[in-house]
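# Coordinate inspection notes
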Amino acid sequence: MQPDGPYRYTHLLGGSPVGKAWAAVDGQGRFVTVAVLDTAVAASPGWREAFAGIANNLAQTPGGQPFTYADFSAAAPWVAYSAEAGPAAEKLFRALGVDYQPVPTPAAPVSGPPQPVSGGPQQVSGPPQPVSGIPQSVSGPPQPTSGAPHPVSGASQPTSGAPQPPISPIPSQPVYADPVSGAPTSPGFGSSFEEPARDPFTAPARRIQPSAPPKRRTGLWVSLAALVVVAALGSGVTVWALTGDDPEGPQAPPTLGAPSGSVATAAPVNPGMRPWAQVAPYSAEERALAIAAPSLVFVETVVTGVLRETKSNTPLSATPVTFKRRCSGFVVNPDGHVVTNGQCVQPAADAARERALYTLGRILVEQKQLAGGELDQYVRTRMATTVFTGDEPGSEPTTQLYGQLNVARGDLTASPAVPGQVVRVLPADDGNLALVKLAEGGLPAVQLSEAAVPEQGATLLVLGYRTTDTDFRAATYTAEARAVQVSGTARQGGVTAARINDDLGIYSHGGIGVDTNGHVVGVLDNDRAANGGANRALLPVSVVTDLLSAAGTSNELASADRTYRSGLDAFFGGRNSEAIARFDEVAQSSPSNLVAQAYRQNAIDRSRLEGGSSESSNWSTILLAGLAGAVLVGLAVGAVVLLRRRR
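Just so we're clear, the structure is a prediction, and the values are computed from it rather than from any experiment.

Parameters at a glance
Note on numbering: residues in each chain are counted from 1, in written sequence order. Confidence filtering applies because this is a predicted model: local features only for residues at pLDDT of at least 70, side-chain atom pairs given and counted only at 80 or more, and all residues used for totals across whole chains, interfaces and linings. Remark: hydrogens and water are excluded; side-chain values derive from all non-hydrogen atoms of the structure. Counting from the N terminus, the helices are DSSP H or I runs at least four residues long and the strands are E runs at least two residues long. Expected span of a helix, by definition, is 1.5 Å for each gap between consecutive residues, and there is one gap fewer than residues. For every residue, the accessible area (1.4 Å probe, protein chains only) is compared with the maximum for its type, and the residue is labelled buried under 20%, exposed over 50%, or partly exposed between those bounds. This arc is taken over the directions from the axis of the helix to the C-beta atoms. Throughout, a contact is declared for two residues whenever any of their heavy atoms are within 4.5 Å. Lines fitted to the C-alpha atoms define the axes, with helices restricted to the stretch that makes contact. Angles between their N-to-C directions range from 0 to 180 degrees. Here the angle decides the label: under 35 degrees means roughly parallel, over 145 means roughly antiparallel, 65 to 115 means roughly perpendicular, and every other value means oblique. Should the near helix be turned anticlockwise from the far one by less than a right angle, the crossing is termed left-handed; should it be turned clockwise, right-handed. Gly counts as polar in this scheme, as do all residues outside two lists: the nonpolar Ala, Val, Leu, Ile, Met, Phe, Trp, Tyr, Cys and Pro, and the charged Asp, Glu, Lys and Arg. By convention a nonpolar core is built from buried Ala, Val, Leu, Ile, Met, Phe, Trp, Tyr and Cys residues, the set being connected through side-chain atoms within 4.5 Å. Each aromatic pair joins two rings of Phe, Tyr and Trp (for Trp, the six-membered one) with centres within 6.5 Å, and gets the label stacked for planes under 30 degrees apart, edge-to-face for over 60, and tilted for any other angle. Both a distance and an angle decide whether a charge sits over a ring: NZ of Lys or CZ of Arg must be within 6 Å of the ring centre and within 35 degrees of the ring normal. Should DSSP find at least two bridges between two strands, the strands are taken to pair.

Our focus in this paragraph is helix H2 (residues 47-60). Helix length check: H2 (14 residues) gives 20 Å between terminal C-alpha atoms against 20 Å at 1.5 Å per residue, within 8%. Restricting attention to buried positions, one finds in H2 the residues Phe51, Ala52, Ala55 and Asn56. Down the axis of H2, the smallest arc covering the buried residues is 120°, so these residues share one side. Of the surrounding secondary structure, the elements contacted by the buried residues of H2 are strand E3 (31-37), strand E5 (78-82) and helix H3 (88-95).

As structure tokens, then:
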């Protein structure tokens, strides 16, 4: 039984005790290999995490095997690799330490005409006798055969397969020697032949001279053959001229030079989110994701301070305490302005103190100074008796902020992580949003919707960062999307937020909800009324516009953003050459938009597929037309010959 997934599985490549490798085709017609972990194995403790961890480690290792897409949270987790990557699925299973057995390729059958068998006469009945030539074993017991043995002559030939059925003997027949010339005579059973009666009309000279044979009409047949060839070629050329070149046919894709400071786009790119794999290919939802996905930002805040006794200012630890907060955000202006969650980048004093106490408590547990079961009680006891400050009493803890686009990794402070600063923060009861400024421009931005809060029952797409890694410190984060429905409204302090029926996980707050035009209709926040505080609240766009206005900036699209959208229009309209040219421009002016580069490659692949199909169709039409012309001429020639014979 083939596994579930967004691919069309063609055949099995191999298997292991924990999963299988499949050959498949994605929605764009590209060939991939998919490693699928069995459902029962994934339910066993540790296997799902090991499968995801090995795949991510192999993808991040220099010279490793990056995957095109994966779903580690599925019932049967899977990882898809490009077919050009070779036996990547096999390498994954072998890296898990399990035995892998590829599916054997069936041997081709041996064919050819039968060959004569040489050697002396062999006895048919009785035990099998050897024959000259290459020895070949014959399976099955020997079959008895009645009759006399017959000699066999000729070259030897190996015999394969089951023994043949018994051969019935042929009764011997007398053979007669007929004269070479003269009239044939019938054989008799006596010792001599009867002499035929003498013909009185026979004479040594011929009475009637035969007429001369008609002259061969070589010239006529040559002319007719030439006419057939000319008709066939003429039919083909006529069809060629009528069909013409397809204006949207394959063209040599323009060469994309490497943008300044970036890697040449000839190499495969990994934008993290692949919209065509998240929703139905070529749908309005895919186009909406393609528009909004490049603007998503992974935000990580590093807070460092000292936990002190409130009365004596005595530090609880000899070293400062550092904790991290991670969330999602989105670019609202190409100059680097990003909107994200307020508590993520600037947590309130009590929230920061609680997080610092838990961090210090876990350190004490590792040092065997605190029992694991006493951690919660340790935090509750000291919440009222401690403060979290900077290096000096009364100062604020220090904060560092970093943003990453496309695929992100935790604990990363060097490139491609971009440092940033907090510009403005709204309190939790006033919207819980923050505006930060990254130290890099030319970023792909998203457009805010001018519509009101989505009504109950409306269907949206939510986008945010999430991870399936169990190691928090250096986990890999990718942007993902999910279709949700507005289930109602709720008050978040002084703001009315829409409530949705699903979420993307704990790191999605600060992410966005978009409509089918790819415009932002709300910002994700944790729902205070929900159990566990899931990120199922959607703050209205009006809170975002007020925040931007208060900070003296606005929502804008750059020229590269508009070019990117026109490229998407061409791509979804089937105009491959135009789409490739537009995405080339985007890659030069906005190299961080890896989704554009991925769609450029999709347009090239689709152009090649359509070109191959068109070329095959044209040649088929031309060939059929030529054959039709030849048949018509052949019928005409046959009619002429028939008439001449009748005459």
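The subject of this paragraph is the packing of H2 against H3. The description of two packed helices rests on the angle between their axes and on the distance between the axes. The N-to-C vectors of H2 and H3 enclose an angle of 125°; their axes lie 10 Å apart at closest approach. Judged by the angle between their axes, H2 and H3 are oblique. Like other packed secondary-structure pairs, H2 and H3 cross with a definite hand, here right-handed. Residues Phe51, Ile54, Ala55 and Leu58 of H2 lie in contact with H3, whose contacting residues are Leu92, Phe93 and Ala95. A per-class count over the contact of H2 with H3 returns seven nonpolar, no polar and no charged.

With that settled, the discussion passes to unusual backbone geometry. The phi angle of most residues is negative, glycine excepted, and most peptide bonds adopt the trans form. Of note, the bond from Ser415 into Pro416 is cis; its omega dihedral lies within 30 degrees of zero at 15°. Mapped onto the elements of the fold, Pro416 is located in the loop between strand E12 (408-409) and strand E13 (418-425). The phi angle at Asn313 is positive, at roughly 60°, despite the residue not being glycine. Within the element layout of this structure, Asn313 appears in the loop between strand E7 (296-309) and strand E8 (321-333).

Moving on: the nonpolar core. Core analysis: the biggest nonpolar cluster contains 67 residues, and Tyr7, Val34, Leu433, Leu463, Tyr564 and Tyr599 have the highest contact counts within it. The leading source of residues in this core is helix H13 (residues 594-646), at six residues. Once residues lying within four places of it in the same chain are set aside, the contact partners of Leu433 are Val339, Thr340, Gly342, Arg424, Val425, Leu426, Val523, Leu539, Val543, Val544 and Leu547.

Turning our eyes to something else, we now look at the packing of aromatic side chains. According to the stated counting rule, one finds 19 aromatic pairs in the structure shown. Seen in terms of ring centroids, Tyr282 and Phe571 are 6.0 Å apart; in terms of plane orientation they differ by 15°. Their pairing is stacked. You can see Tyr282 sitting in the loop between helix H5 (275-278) and helix H6 (284-292) and its partner Phe571 sitting in helix H11 (residues 559-572), a full 289 residues away along the chain. Judged by relative accessible area, which is 36%, Tyr282 ranks as partly exposed. By relative accessible area, Phe571 is classed as buried at 0%. Site record: aromatic cluster; members linked through ring pairs are Trp276, Tyr282, Tyr564, Phe571, Phe572, Phe583 and Tyr599. Of note, Arg606 hangs over the ring of Phe571, and the distance from its end group to the ring centre comes to 4.3 Å.

Let us look at the sheet that holds strand E1 (residues 8-15). Taken in spatial order, the six strands of this open sheet run E4-E5-E3-E2-E1-E6, and their pairing is antiparallel. Each edge of the sheet is formed by a strand with only one pairing partner; in this case those strands are strand E4 (69-71) and strand E6 (101-102). In the sheet, strand E2 (residues 19-25) pairs with E3 via seven bridges, with the strands oriented antiparallel. Across the sheet, residue Lys20 finds its bridge partner in E3, namely Val36.

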